[in-house]
Amino acid sequence: MQNADLTEAPSTARIQRANSLAGDVYEAIFAQLMSLRIAPGSRITVDNLVKEFNVSHTPIREALGRLEGEGLVLKTHLIGYRAAPQITRRRFDELYELRLLLEPAAAAKATATLDDERLTVLQEAAGVMARREGKDERLRYSNFARQDAIFHDKIVEFAQNELIRETLNHQHTHFHIFRLMYHSRVTEEALDEHEAILAAFSAGDPDAAEKAMRVHIENSRDRLLPAFE
């Protein structure tokens, strides 16, 4: 597994806001899972999180339940919670094969359905406009993991194929892929590729959109392959 090259975050991350406490706790744990502060396969102790975030057990358990639904946390009867194990090389290859079969064609198909409103939705979801915001690298990384998932999901939604959308969502593809390597290249280079996809959409060019999506997915695969070395 590649070592992180970004600045370490403080060991504690107390939750500051009173509103939507379970949501805030979820975001904090999600960020730790994405940035590998909580290592794949490691035990997650509710009492330790209660102390770290200075909250009660209830929002912790609600957040862990939500993360369980996203495939990032596993719960075992009478044992408790642990972070989902890292995906295998075989699973990684299968996920990218699936994506290359489905997403470039979906990008081409989506192009014909895009109006100004939908283009704005994609531009906001792509994360390009906010790429320099925030000094906390771990938070930016976890935020981009979610933004990337939303961006790709919206493209498939606009392609109007719910079966493809459900298939990709069921794999929790982006979350598992982003946990492979906590590295600035994963976000910065992906944002450049998002810009190329958006340019093809803005031009109304389905062939260019298909090509840009294929290049993006292939580059994403190549960026993360060193995690298995």
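Being a predicted model, the structure only gives us computed values, none of them experimental. Throughout, residues of each chain are indexed from 1 in the direction in which the sequence is written. Reporting of local features is limited, given that this is a predicted model, to residues whose pLDDT is at least 70; pairs of side-chain atoms are given and counted only at 80 or more, and all residues count toward the totals for whole chains, interfaces and linings. Each side-chain value is derived from all of the structure's non-hydrogen atoms; neither hydrogens nor water enter the calculation.

Peer 1: A description of the overall build of the protein should follow, citing residues and the corresponding values.
Peer 2: Numbering goes from the N terminus for both helices and strands, where a helix is a DSSP run of H or I of at least four residues and a strand is a run of E of at least two. When helices and strands are tallied, the protein shows ten helices and three strands. When the helices and strands of the protein are listed from N to C terminus, the series reads α-β-α-α-β-β-α-α-α-α-α-α-α. Working rule for contacts: check all heavy atoms of both residues, and any pair within 4.5 Å makes them a contact. Within the protein, residue pairs in contact and separated by at least 24 positions form 78% of the contacts whose partners lie at least 6 positions apart.

Peer 1: Which residues make up the pattern of salt bridges, and what are the values?
Peer 2: We count a salt bridge whenever a side-chain nitrogen from Lys or Arg sits within 4 Å of a carboxyl oxygen from Asp or Glu. Applying the stated criterion across every chain yields a total of 13 salt bridges. Residue Glu103 is joined to Arg99 by a salt bridge in which the shortest nitrogen-to-oxygen separation is 2.6 Å. Of the two residues, Glu103 and Arg99 are both situated in helix 4 (residues 89–111); the distance of four residues between them amounts to about one turn of the helix. Accessibility classification places Glu103 together with Arg99 in one group, the buried group. Here Glu157 makes a salt bridge to Lys154, at a shortest N to O gap of 3.2 Å. Taken together, the residues Glu157 and Lys154, both in helix 6 (residues 137–158) and three residues apart, mark about one turn of the helix. The rule is simple: take the accessible area with a 1.4 Å probe, protein chains only, and divide by the maximum for that residue type; under 20% is buried, over 50% is exposed, in between is partly exposed. A relative accessible area of 24% means that Glu157 is categorised as partly exposed. Relative accessible area serves as the criterion here: at 23%, Lys154 is assigned to the partly exposed category. Through salt bridges with shared partners, a single network forms among Asp153, Lys154, Glu157, Glu162 and Arg165.

Peer 1: So what about the nonpolar core? Which residues, and what values?
Peer 2: We call a set of buried residues a nonpolar core when its members are Ala, Val, Leu, Ile, Met, Phe, Trp, Tyr or Cys and they connect through side-chain atoms within 4.5 Å of each other. Core analysis: the biggest nonpolar cluster contains 66 residues, and Ile29, Ile60, Leu64, Leu67, Ile155 and Phe201 have the highest contact counts within it. The element best represented in this core is helix 4, accounting for eight residues.

Peer 1: I'd like to hear about the packing of aromatic side chains, residue by residue, with values.
Peer 2: Think of it this way: a Phe, Tyr or Trp ring, Trp meaning its six-membered ring, pairs with another when their centres are within 6.5 Å, and the plane angle makes it stacked under 30 degrees, edge-to-face over 60, tilted otherwise. Per the stated rule, a full pass over the model turns up five aromatic pairs. An angle of 75° between the planes, with centres 5.0 Å apart, marks the rings of Phe30 and Phe175 as edge-to-face. You can see Phe30 sitting in helix 1 (residues 21–34) and its partner Phe175 sitting in helix 8 (residues 173–178), a full 145 residues away along the chain. Residue class for Phe30 comes out buried when judged on its relative accessible area of 0%. For Phe175, a relative accessible area of 10% puts it in the buried group. Aromatic rings pair up to connect Tyr26, Phe30 and Phe175 into one cluster. Look at NZ for Lys and CZ for Arg. If either is within 6 Å of the ring centre and within 35 degrees of the ring normal, a charge sits over the ring. Its guanidinium or amino end placed over the ring of Tyr26, Arg66 lies 3.6 Å from that ring's centre, counting from NZ or CZ. Above the face of the Phe30 ring, Arg146 is positioned so that its terminal group lies 4.1 Å from the ring centre.

Peer 1: With reference to specific residues and values, describe the side chain of Asp148.
Peer 2: Position of Asp148 among the secondary structure elements: in helix 6. Think of it this way: Lys and Arg go in the positive column, Asp and Glu in the negative one, and His and the chain ends go nowhere. An unpaired buried charge is present at Asp148: no salt bridge exists, and Arg99, the closest side chain of opposite charge, is 4.9 Å distant. In this structure, Asp148 is in contact with His174, Phe178, His194 and His216, ignoring residues within four places of it in sequence.

Peer 1: Go over the packing of helix 1 against helix 2 (residues 46–53) with me, naming the residues and quoting the values.
Peer 2: Helix packing for two helices is described by the angle between their axes and how far apart those axes are. To obtain an axis, a line is fitted to C-alpha atoms, over the contacting stretch when the element is a helix, and the angle between two such axes runs from 0 to 180 degrees between their N-to-C directions. Where helix 1 meets helix 2, the closest approach of the two axes is 12 Å, and the angle between their N-to-C directions is 110°. If you check the angle between helix 1 and helix 2, you find them roughly perpendicular. Residues Val25, Ala28, Ile29 and Gln32 of helix 1 form the contact with helix 2, whose own contacting residues are Leu49, Glu52 and Phe53. Residues are grouped as follows: nonpolar covers Ala, Val, Leu, Ile, Met, Phe, Trp, Tyr, Cys and Pro; charged covers Asp, Glu, Lys and Arg; every other residue, Gly included, is treated as polar. Classifying every residue of the contact of helix 1 with helix 2 by side-chain character gives five nonpolar, one polar and one charged. When describing relative orientation, an angle under 35 degrees is termed roughly parallel and one over 145 degrees roughly antiparallel, while 65 to 115 degrees is termed roughly perpendicular and anything else oblique.

Peer 1: With reference to specific residues and values, describe helix 5 (residues 116–125).
Peer 2: One turn of the α-helix equals 3.6 residues, which is why residues spaced by three or four share an orientation. Of all the residues in helix 5, the buried ones are Leu119, Leu122 and Ala125. In an axial view of helix 5, the angular spread of the buried residues amounts to 125°, which keeps them on one side of the axis. Away from its buried face by more than 90 degrees, helix 5 exposes Asp116, Glu117 and Glu124. Where helix 5 begins, one side-chain oxygen reaches toward the backbone nitrogen of Glu117, 3.2 Å away; that side chain belongs to Asp115. The directions from the helix axis to the C-beta atoms form the arc being described. We define a polar contact as two N or O atoms separated by no more than 3.5 Å, with the added condition that, inside protein, one atom must be a possible hydrogen donor and the other a possible acceptor, whereas residues neighbouring each other in sequence contribute only through side-chain atom pairs.

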